[in-house]
Amino acid sequence: SVIPVILSGGSGSRLWPVSRLSYPKQFLPLLGDSSLIQDTVLRTAPAQGFGAPMIVCAEDHRFIVAEHMRQLDIEPAAILLEPKGRNTAPALAAAALVAREKTPESILLVLPADHHIADPAGLRAAVAAGLPLARAGKLVTFGMVPDAPETGYGYVKPGESLGDGVQAVERFVEKPDRATAELFVAEGYLWNSGMFLLSAEACLAEIARHAPEVLKAAEESVAMATSDLSFRRLGAAFAEAPSISIDYAVMERTDHAAVVPADIGWADLGSWSSLWQVGEKNADGNVLQGDAWTIGTKNSLVRGEGIATVAVGVENLIVVATEDAVLVVSKDAVQQVKDAVELLKAEG
Ligand code: GDD
Ligand code: MG
């Protein structure tokens, strides 16, 4: 069966003040009652025929991850602990090595821990469509139809058909500049969703070819790993891996990529505007979370965590109040929230 590999490494600073370094966004119930990592695990759970998930996370977050899985009554195949975050290529390399050790022909479904998917059955259907090609050694991506020239995503140019619902990837470009992104949208490129379906074998072969230093560090760290409970603590060599994403390290360079175009209500919950976008809106287009109210307000998100929060006579605004911090930001400026975090860090 397919093994979900959940990458849980982001800090989520654009979702401050709710997301914090010690408790980043993937562990928060940002949309409903369950955390984003729980939603991620439940979409492709053993109950739907998937293997037990592997989770790769920071050492500091091990107990949070374990507790969130315990709440779901899901026993992970392993929780790999990184001594230091080195982006997604080393994390995935380590996961593939551990999976291959157990089952040489393992197929991995790589999943970011912080995405929203409105149609989980659609995701499972897309995985089923990609499976024969993943078994045959393709690196399968899931392509989303773009609705804006976002520069924070990877772009995939679909090519010839490789079978039912699967196309070759003619070109993969990670995080293009604005003008290029506009061109790509006009030319029918798809967004790379950041989810991948691939065999551990093909994954490691392509990392060996295009990013050998990543593989070397991952191999050493897995060889020196120590186990306790379901935790697998990667050895110190992991910290020496180049810090690079799988998109730059492999996807831009490989000749073996394929894409399953999928319309599954996908959203990367990277910023407050994306939470407004996918959130449940009232007649005025407001998303209200927690102790939140509005008067004469439109298209805004208001969140109060244990503190009464009211917006009056404003539009396109994000207002988030927590116990020790308040954020007020225009919906157009949400990307700069991470600068606010830096500012506060610098000011001590
Ligand atoms: N364990 C671990 N360690 N996980 C990590 C690390 C790390 O060092 N760095 C990032 N991750 C996790 C993040 O928590 C997230 O769940 C996932 O890997 C993707 O990392 P991001 O940092 O969020 O990547 P991105 O959003 O800039 O870009 C990727 O996703 C886009 C779609 O959301 C790329 O795949 C793009 O091509 C894609 O369009
Ligand atoms: Mg992301």
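Model, not experiment: these values are computed from the prediction.

### Focus on the packing of aromatic side chains
Then comes step 1: Enumeration according to the criterion identifies seven aromatic pairs in this entry.
Then comes step 2: Pairing Tyr153 with Trp266 gives two aromatic rings, centres 5.4 Å apart and planes at 65 degrees, and the pair type is edge-to-face. Here the residue Tyr153 occupies a position in the loop between β6 (139-144) and β7 (154-163), and Trp266 occupies one in strand β13 (residues 266-268), the gap between them amounting to 113 residues. Both residues of the pair, Tyr153 and Trp266, belong to the buried class.

### Description of the side chain of His61
Then comes step 1: Relative to the elements of secondary structure, His61 occurs in the loop between β2 (54-58) and α2 (62-72).
Then comes step 2: For His61, the side chain forms a polar contact with the main-chain oxygen of Leu21, separated by 3.3 Å.
Then comes step 3: Apart from residues no more than four positions distant in its own chain, His61 is found in contact with Leu21, Ser22, Pro24 and Phe27.

### A few points about empty space enclosed by the protein
Then comes step 1: This model, assessed by the stated rule, comprises one cavity of 30 Å³ or more.
Then comes step 2: Each pocket or cavity is described by its volume, and for the largest cavity that value is around 40 Å³.
Then comes step 3: Along the walls of the largest cavity sit Thr40, Arg43, Leu111, Pro112, His115, Ile117, Leu123 and Met195, which together make up its complete lining.
Then comes step 4: If you list the elements that add at least two residues to the lining of the largest cavity, you get α1 (36-43), β4 (107-112) and β5 (115-117).
Then comes step 5: Here the residues of the lining of the largest cavity sort into five nonpolar, two polar and one charged.

### Re the site of ligand 1
Then comes step 1: As a matter of local geometry, ligand 1 sits amid 24 residues, with Gly10, Glu174, Asn192, Asp247 and Asp268 nearest to it.
Then comes step 2: Here an oxygen atom of ligand 1 sits 2.9 Å away from a polar atom, N or O, in the main chain of Gly154.
Then comes step 3: Asp247 places a polar side-chain atom, nitrogen or oxygen, 2.7 Å from an oxygen atom of ligand 1.
Then comes step 4: Considering ligand 1 on its own, with 730 Å² of exposed area, one finds that the protein chains cover 85% of that surface.
Then comes step 5: Those elements that provide at least two residues to the shell around ligand 1 are β1 (3-8), β9 (190-199) and β13.
Then comes step 6: Looking at the shell around ligand 1 residue by residue, the classes come out as six nonpolar, 11 polar and seven charged.

### Notes on a nonpolar patch on the surface
Then comes step 1: Together, Trp293, Ile295, Val310 and Val312 give the surface a local cluster of nonpolar side chains, amounting to about 420 Å² of exposed area.
Then comes step 2: At the level of secondary structure, the elements contributing two or more residues to the nonpolar patch comprise β14 (287-295) and β15 (301-312).
Then comes step 3: Structurally, Val310 can be placed in strand β15.
Then comes step 4: Val310 gets classed as partly exposed once you look at its relative accessible area, which sits at 48%.

The rules behind these values
Sequence order as written defines the numbering, with residues in each chain counted from 1. The naming scheme follows written order: chains are lettered A onward, ligands numbered 1 onward. For this predicted model, a pLDDT threshold of at least 70 governs which residues receive local features, and a threshold of 80 or more governs which side-chain atom pairs are given and counted, while totals over whole chains, interfaces and linings are taken from all residues. The side-chain values count all of the structure's non-hydrogen atoms but skip hydrogen atoms and water molecules. Stacked, edge-to-face and tilted are the three classes for Phe, Tyr and Trp ring pairs, Trp counted by its six-membered ring, which pair at centre distances within 6.5 Å; planes under 30 degrees apart are stacked, over 60 edge-to-face, the rest tilted. Think of it this way: any DSSP run of H or I at least four residues long counts as a helix, any run of E at least two long counts as a strand, and we number them from the N terminus. Here the term buried applies to any residue with accessible area under 20% of the maximum for its type, exposed to any over 50%, and partly exposed to those in between, with areas from a 1.4 Å probe on protein chains only. The term polar contact refers here to a pair of N or O atoms within 3.5 Å; inside protein, the definition further demands a hydrogen-donor-capable atom paired with an acceptor-capable atom, and it admits residues adjacent in sequence only when both atoms are side-chain atoms. Between two residues, a contact is recorded if the distance between any of their heavy atoms is within 4.5 Å. A pocket, in this scheme, is an open set of points on a 1 Å grid over the protein atoms alone with protein on both sides within 12 Å along at least 5 of 7 lines, while a cavity is a set where a 1.4 Å probe fits but cannot get out; residues line either one if an atom lies within 4 Å of a point. Grid points are joined across faces, edges and corners, and a volume is the space filled by probe spheres set on the points. Under the grouping applied here, Gly and all other residues not named as nonpolar or charged are polar, the nonpolar ones being Ala, Val, Leu, Ile, Met, Phe, Trp, Tyr, Cys and Pro and the charged ones Asp, Glu, Lys and Arg. A molecule or strand has a residue near it when one of that residue's heavy atoms lies within 4 Å. Residue-level accessible areas treat just the shown protein chains as cover; the underlying method is Shrake-Rupley with a 1.4 Å probe. Patches were defined on residues exceeding 30% relative accessible area and lacking a salt bridge, with like-charge contacts within 9 Å and nonpolar side-chain contacts (Val, Leu, Ile, Met, Phe, Trp, Tyr) within 5 Å. By salt bridge we mean one thing: a side-chain nitrogen of Lys or Arg within 4 Å of a carboxyl oxygen of Asp or Glu.

Coordinates in, geometry out; function isn't part of it.
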